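What follows is each chain in one-letter form.
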Amino acid sequence: MDYIFLQHYWWLLVSLLGALLVFLLFVQGGQSLLFTLGKDEIEQKMLSNSTGRKWEFTFTTLVTFGGAFFASFPLFYSTSFGGAYWVWFLILLCFVIQAVSYEFQSKRGNLLGKKTYQIFLMINGILGPILLGTAVGTLFNGAEFIVNKAQLTDTGMPVISRWANPLHGLEAAFVIWNLLLGLAVFFLARVLAVLYFINNIKDDTILSRCRKQLPVETILFLVFFLSFLVRLLLQEGFAVNPSSGEIFMEKYKYLHNFLQMPAVTVVLLAGVVLVLYGIASTLFAKSRKGIWFAGTGTVLTVLSLLLCAGWNDTAYYPSVADLQSSLTISNSSSSRFTLNAMFYVSFFIVPVLVYIFFAWRTLDLRKITKEEMENERSAY
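Here goes a summary of the coordinates provided. (Residues numbered from 1 in each chain as written. Predicted model: local features only at pLDDT ≥ 70, side-chain atom pairs only at ≥ 80, totals over all residues. Heavy atoms only, no water.)

**Points about the environment of threonine 138**
Relative to the helices and strands, threonine 138 is located in helix α8 (residues 114–141). Separated by 112 residues in the primary sequence, threonine 138 and glutamate 250 place their C-alpha atoms 17 Å from one another. Apart from the residues within four sequence positions on either side, threonine 138 is in contact with Ala143, Ala172, Asn178, Tyr317 and Pro318. Here the side chain of threonine 138 touches alanine 135 through a polar contact of 2.5 Å, landing on its backbone oxygen. (Helix = DSSP H or I, 4+ residues; strand = E, 2+ residues; numbered from the N terminus. Contact = heavy atoms within 4.5 Å. Polar contact = N/O pair within 3.5 Å; in protein donor to acceptor, adjacent residues only side chain to side chain.)

What follows is the structure, encoded as structure tokens:
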């Protein structure tokens, strides 16, 4: 297998993990709707248990996503996670308070009280998706870092990359186009959460509220997502000269990527259609299975966007502080030996996915009801 193939393969795998993570953010979306859809303690308990039985999948996927990036593209890992550490610290903090809140909110004698932990869940439900979306936005709009590989030989300070401002990643939240993607991810998470509640909870009152809430969340999601997508197709992109490795600005670069990679375009269109179908079938056909269409569509849509960011001679992590410091799948990947060895290791993902499927199916065999919440001692 040639080196270029391995680099493209690992970008595909990292992109797939990122796409799965965005789908699983329905857990965070559900937390942000806790007090909107749940009007009393028992209803809030039903909502918490619906998402609470899945939060481990989201956290595990986030960790696996970071691990795959570290193994396959270590320069990105050291540059972004080591330089933009404030934004990643806040994301991890959100996920930590989520885990603590789920485990302690219903424990007898907890010091902070159930309401405090529910507020923590809401904080994670709002900030988690927005911050993650904002961080992903830097893959298209750039970040402020400088890479100097010669610095590795400096025994006093062998640091390849450094951040060009003291905000260390927080500045991304002040870029309107990054924030636009963050809000699109946030409202998508809420759409998926509503669809999941409709599928997972057996209660007419909550079901009615979910169906009323779904159009509101859908409209807001479409406004932010379509604004981001249209701007992406019209903006200048960060292109790479394949022979010299020079980074340069190319007009309509991401539009060109979709035109030059028709398979990726088909994946994008299929994803958008499936998301819309999942929503429409829930609203108009009263289906309770919309989450599976919209969830599959979410994975396909995010996958195509991430492939567009890294394939076809594109800098997937551009630097706006020093254009030539921008990271590509060629100049930031692990060695050929490492990528080749991990190629075979990656096949172990298949049994893990099979395990997740059966674990998910087992957890969802019974719909959540008020009776279960009143009698189940281990409920969140």
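**Examining the nonpolar core**
One finds Phe73, Tyr316 and Tyr317 to be the most contacted residues of the largest nonpolar core, which totals 108 residues. When residues in this core are grouped by element, the largest group, 16 residues, is from helix α9 (residues 176–200). Ignoring anything within four residues of it in the chain, the contact list for tyrosine 316 reads Trp11, Phe69, Phe73, Phe76, Leu139, Ala309, Gly310, Leu327, Thr328, Ile329 and Ser332. (Core = buried A, V, L, I, M, F, W, Y, C linked by side-chain atoms within 4.5 Å. Buried < 20%, exposed > 50% of the residue type's maximum accessible area, 1.4 Å probe, protein only.)

**Side note on the pattern of salt bridges**
When the charged atoms of two side chains lie near each other, side chains of opposite charge can form a pair. Under the counting rule described, the total for this entry stands at six salt bridges. Two residues, glutamate 41 and lysine 114, come together in a salt bridge whose shortest N-O distance is 3.9 Å. With a gap of 73 residues between them, glutamate 41 in helix α4 (residues 41–52) and lysine 114 in helix α8 connect regions that are remote in the sequence. You can call glutamate 41 exposed: its relative accessible area is 56%. Residue lysine 114 is classed as partly exposed on the basis of its relative accessible area of 21%. A salt bridge links lysine 370 to aspartate 203; the nearest nitrogen and oxygen atoms lie 3.8 Å apart. Of this pair, lysine 370 sits in helix α16 (residues 370–375) while aspartate 203 sits in the loop between α9 and α10 (204–234); the two residues are 167 residues apart in sequence, bridging distant segments of the chain. (Salt bridge = Lys/Arg side-chain N within 4 Å of Asp/Glu carboxyl O.)

**Looking at unusual backbone geometry**
Of note in this structure, histidine 168 is not a glycine but carries a positive phi near 50 degrees. With respect to the helices and strands, histidine 168 occurs in the loop between β2 (161–163) and α9. A positive phi angle, close to 55 degrees, is found at lysine 286, a residue other than glycine.

**Quick notes on empty space enclosed by the protein**
For the structure on display, the rule yields one cavity of 30 Å³ or more. Of the pockets and cavities examined, the largest cavity occupies roughly 30 Å³. Taken together, Gly30, Gln31, Leu34, Leu47, Ser48, Thr51, Tyr102, Leu121 and Phe197 form the lining of the largest cavity. For the lining of the largest cavity, the elements supplying multiple residues, two or more each, are α2 (26–32) and α4. Per element, the largest residue contribution to the lining of the largest cavity is three residues, and it comes from α4. When the residues that make up the lining of the largest cavity are grouped by side-chain class, the tally is five nonpolar, four polar and no charged. (1 Å grid on protein atoms, 1.4 Å probe; cavity = no way out; pocket = protein on both sides within 12 Å on 5 of 7 lines; lining within 4 Å. Points joined across faces, edges and corners; volume = space filled by probe spheres on them. Nonpolar A, V, L, I, M, F, W, Y, C, P; charged D, E, K, R; others polar.)

**Some details on the pairing of strand β3 (residues 236–240)**
When you tally the buried positions in β3, you get four out of five residues, the bulk of the element. In the sheet, β3 pairs with strand β4 (residues 247–251) via five bridges, with the strands oriented antiparallel. Bridge assignment links glycine 237 to a residue of β4, and that residue is glutamate 250. In textbook terms, the turn of a hairpin is the stretch between consecutive antiparallel strands, and for β3 and β4 this stretch comprises six residues, one of which, glycine 245, has a positive phi near 80 degrees. (Pairing = 2+ DSSP bridges.)

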